[in-house]
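What the coordinates show
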Amino acid sequence: MLSERMLKALNKQVNAELYSAYLYLSMSAYFESINLKGFANWMRVQAQEELMHAMKFFDYINERGGRVEMMAIEKPPTGWDSPLHVFEETYKHEVNVTNMINELVNMAVEEKDHATYNMLQWFVAEQVEEEASADEIKQQLSLIGKDGRGILMLDRELGQRTFTPLQEVK
Ligand code: FEO
C-alpha cells in the first residue's frame, strides 16, 4: 500500500507529466506556425512520450491500490524567440523533471517503499536520455546559428522521429 505522502506525490507527477505533454504540444504548434514541420514532428512525438510517462504513473498508482486524482493542467507558454530558444527551454524543463524524479526517489527511500523505488528507476534512466536528446539538439542549433540551410537540414532529420511505445508500458 502507498503511504498518503507517496500517493500525493505520485499524483502530482501524473499532472507534471501531462503538463510536459502540453508544453511540448505547444512547442509543436509553434513550429507548425513557422513551417518547420520536422521540428513540429519531433515535439509531437515528445508529447506522446510524456503522455506515456503520465500513464505509467497512472497505472502504477492503480496497481498499488491508490486513487488517481486528475488535477488542472497549467497553461504552457505559447511563443518562443527561435528554435534555439525552444530547445534551451526544453533542456531546462527536462532538468527540472529530473529533479522531480530524484525527489520522488528520495521520498520512496524515506517511506521505505521499495516497490515505488524500483518503479522509479525506469524514470531515472529515462531522464538521462531526455536531458541528452534535448541538449544535443540545443547544441546543434547553437552551432547552426542563423544559417537557414542548417536549420532546414536539421528539420529534415527531426522529421524522421517516430513514436515507439515501450513494452514496459501497458
Ligand atoms: Fe517525462 Fe520528458 O520526462
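See the structure above.
Residues numbered from 1 in each chain as written. Predicted model: local features only at pLDDT ≥ 70, side-chain atom pairs only at ≥ 80, totals over all residues. Heavy atoms only, no water.

**As for helix H3 (residues 83-110)**
For H3, built from 28 residues, the straight-helix expectation of 40 Å at 1.5 Å per residue is met to within 8% by its first-to-last C-alpha distance of 41 Å. Just downstream of H3, Lys112 is the residue with a positive phi angle, here 55°. (Helix = DSSP H or I, 4+ residues; strand = E, 2+ residues; numbered from the N terminus. Expected span 1.5 Å × (residues − 1).)

**Quick word on the nonpolar core**
In this structure, Leu10, Phe57 and Leu104 are the most contacted members of the largest nonpolar core, which totals 23 residues. Breaking this core down by element, the ones donating at least two residues are helix H1 (4-33), helix H2 (37-63), H3 and helix H4 (114-144). When residues no more than four places from it in sequence are discounted, the contact partners of Phe57 are Leu10, Gln13, Val14, Glu17, Ile101, Leu104, Met119, Leu120 and Phe123. Of all hydrophobic cores here, the second largest spans 20 residues; its members include Leu23, Phe39, Trp42 and Ile137. (Core = buried A, V, L, I, M, F, W, Y, C linked by side-chain atoms within 4.5 Å. Buried < 20%, exposed > 50% of the residue type's maximum accessible area, 1.4 Å probe, protein only. Contact = heavy atoms within 4.5 Å.)

**Topic: the packing of H2 against H4**
For any two helices packed against each other, the geometry is given by the interaxial angle and the distance between the axes. Running from amino to carboxyl end, H2 crosses H4 at an angle of 170°, the nearest separation of the two axes being 12 Å. Comparing their axes, H4 and H2 come out roughly antiparallel. Across from Phe39, Trp42, Gln46, Glu49, Glu50, Met52, His53, Lys56, Phe57 and Tyr60 in H2, the residues of H4 making contact are Ala115, Thr116, Met119, Leu120, Trp122, Phe123, Glu126, Glu130, Ser133, Ile137 and Leu141. Counted by class, the contact of H2 with H4 contains twelve nonpolar, four polar and five charged residues. (Axes fitted to C-alpha atoms, helices over the stretch in contact; angles between N-to-C directions. Parallel < 35°, antiparallel > 145°, perpendicular 65-115°, else oblique. Nonpolar A, V, L, I, M, F, W, Y, C, P; charged D, E, K, R; others polar.)

**Quick look at the packing of H3 against H4**
In contact at an axis separation of 9 Å, H3 and H4 are set at 165° when each is read in the N-to-C sense. With respect to H4, the element H3 is oriented roughly antiparallel. With respect to the hand of their crossing, H3 and H4 are arranged in left-handed fashion. Classifying every residue of the contact of H3 with H4 gives 18 nonpolar, six polar and six charged. (Left-handed = near helix turned anticlockwise from the far one by under 90°.)

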